[in-house]
Amino acid sequence: MADEEHKPYDVFLSHAHADAELVERLAAMLEDEHHIRVWLDKWVLIPGEHWQQGMAKGLDEAASCAICVGSKEIQGWYKEEIGRALNRQTKDTKFRVIPVILPDGDRSLVGQFLELRTWVEFKNGIGDPEALRILRAGILGLAPGRPPKPTVDVEDEIKRLEVLRTLSDRQLIHEQIALEFERQLVQTLLTRRVQR
């Protein structure tokens, strides 16, 4: 078996048909924003060829497998992919099988073998930057480390202060509320890393 560096794909995305659209959005973010080489059936399988063989080959050519768990029961070919991924992991300890709980995912659907692995949960939506950061680390076989300190965009905060002053000047909010909100915005600017 080839080294991970020589695998044409960093990750094979396994998913139920019902979650295909959401998983494609995840795949696009992984490729576009995180430079992860993704094997996704819709992108890789050639029309007219045997899709089962293509799926098996894709799973064999990937350095890791992300099992995307939605709200539908795990069955059919999707269940077969999971079994194949877990079987491969028993033979190749560098191959990672990563359970990924999608935003509408049902955690109870994670099977007994998958639940023994560290998983990633997209509870704040498919674009959740922290979940994407952790998933990227898992795909690349890295410890995710400490989350980055939250950033604040100064321009956004200035716009919020301007809106606050306008509401206060028009007496649409009480002056004490405006002052408290302004104090909170300034505190945010002082305690978080500033993004310019």
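Given the structure is predicted, the values throughout are model-derived calculations rather than measurements.

S.K.: I'd like to hear about the packing of aromatic side chains, residue by residue, with values.
M.R.: With the rule as written, the count across this model stands at one aromatic pair. Ring geometry for Phe12 against Trp39: centres 4.5 Å apart, planes inclined by 15°, an arrangement best described as stacked. Of this pair, Phe12 sits in strand β1 (residues 11-15) while Trp39 sits in strand β2 (residues 38-39); the two residues are 27 residues apart in sequence, bridging distant segments of the chain. With a relative accessible area of 1%, Phe12 lands in the buried category.

S.K.: Describe the sheet that holds strand β5 (residues 120-121), with residues and values.
M.R.: Taken in spatial order, the five strands of this open sheet run β2-β1-β3-β4-β5, and their pairing is parallel. Strand pairing shows two members of the sheet lacking a second neighbour, β2 and β5, which therefore form its edges. Bridge count between β1 and β2: two bridges; the pairing is parallel. Residue pairing across strands places Val11 opposite Val38, the latter belonging to β2. Its contacts with the sheet put helix α4 (residues 76-91) on β1, β3 (64-69) and β4 (96-101), and the angle it makes with β1 is roughly 145°.

S.K.: Tell me what's going on with the layout of surface pockets, and back it up with residues and numbers.
M.R.: Empty space within the largest pocket amounts to approximately 320 Å³. What lines the largest pocket is a set of 15 residues, and nearest its centre among them are His15, Ala16, His17, Asp41 and Trp77. For the lining of the largest pocket, the elements supplying multiple residues, two or more each, are α3 (51-61) and α4. Top contributing element to the lining of the largest pocket by residue count: α4, with three residues. Taken together, the residues that form the lining of the largest pocket break down as eight nonpolar, three polar and four charged.

S.K.: Go over the environment of Leu132 with me, naming the residues and quoting the values.
M.R.: Along the polypeptide, Leu132 turns up in helix α5 (residues 129-140). On the basis of relative accessibility, which here comes to 2%, the residue Leu132 falls in the buried class. C-alpha of Leu132 to C-alpha of Val120: the two residues are twelve residues apart in sequence and 8.4 Å apart in space. With near-sequence residues (within four places) excluded, Leu132 lies in contact with Leu26, Met29, Leu30, His34, Phe122, Ile126 and Gly127.

S.K.: Explain the environment of Thr118 to me, using residue names and the numbers behind them.
M.R.: Of note, Thr118 is situated in the loop between β4 and β5. Each C-alpha atom of the pair Thr118 and Gly138 lies 9.0 Å from the other, and the pair is 20 residues apart in sequence. If we ignore the near neighbours within four places in the chain, the residues touching Thr118 are Ile98 and Pro99.

Cut-offs and rules
Each chain carries its own residue numbering, running from 1 in the direction its sequence is written. At least 70 in pLDDT is required for a residue's local features to be given in this predicted model, at least 80 for side-chain atom pairs to be given and counted, and no such filter applies to totals for whole chains, interfaces and linings, which use all residues. Hydrogens and water molecules were not included; the side-chain quantities draw on all heavy atoms of the structure. To pair, rings of Phe, Tyr and Trp, with the six-membered ring standing in for Trp, must have centres within 6.5 Å; the planes then decide the type, stacked if under 30 degrees apart, edge-to-face if over 60, and tilted in the middle. In DSSP terms, a helix is any run of H or I states spanning at least four residues, a strand is any run of E spanning at least two, and both are numbered starting from the N terminus. When a residue's accessible area, from a 1.4 Å probe over protein chains only, is under 20% of the maximum for its type it is buried; when over 50% it is exposed; and in between it is partly exposed. One requirement defines pairing of two strands: DSSP has to find at least two bridges between them. Contacts: residue pairs with any heavy atoms within 4.5 Å of one another. A fitted line through C-alpha atoms serves as each axis, taken over the contacting stretch for helices, and the angle formed by two N-to-C directions is quoted from 0 to 180°. Computed over the protein atoms alone on a 1 Å grid, cavities are sets of points where a 1.4 Å probe fits but cannot get out and pockets are open sets with protein on both sides within 12 Å along at least five of seven lines; a residue lines them when it has an atom within 4 Å of a point. Grid points are joined across faces, edges and corners, and a volume is the space filled by probe spheres set on the points. In this classification, Asp, Glu, Lys and Arg are treated as charged, Ala, Val, Leu, Ile, Met, Phe, Trp, Tyr, Cys and Pro as nonpolar, and every other residue, Gly included, as polar.

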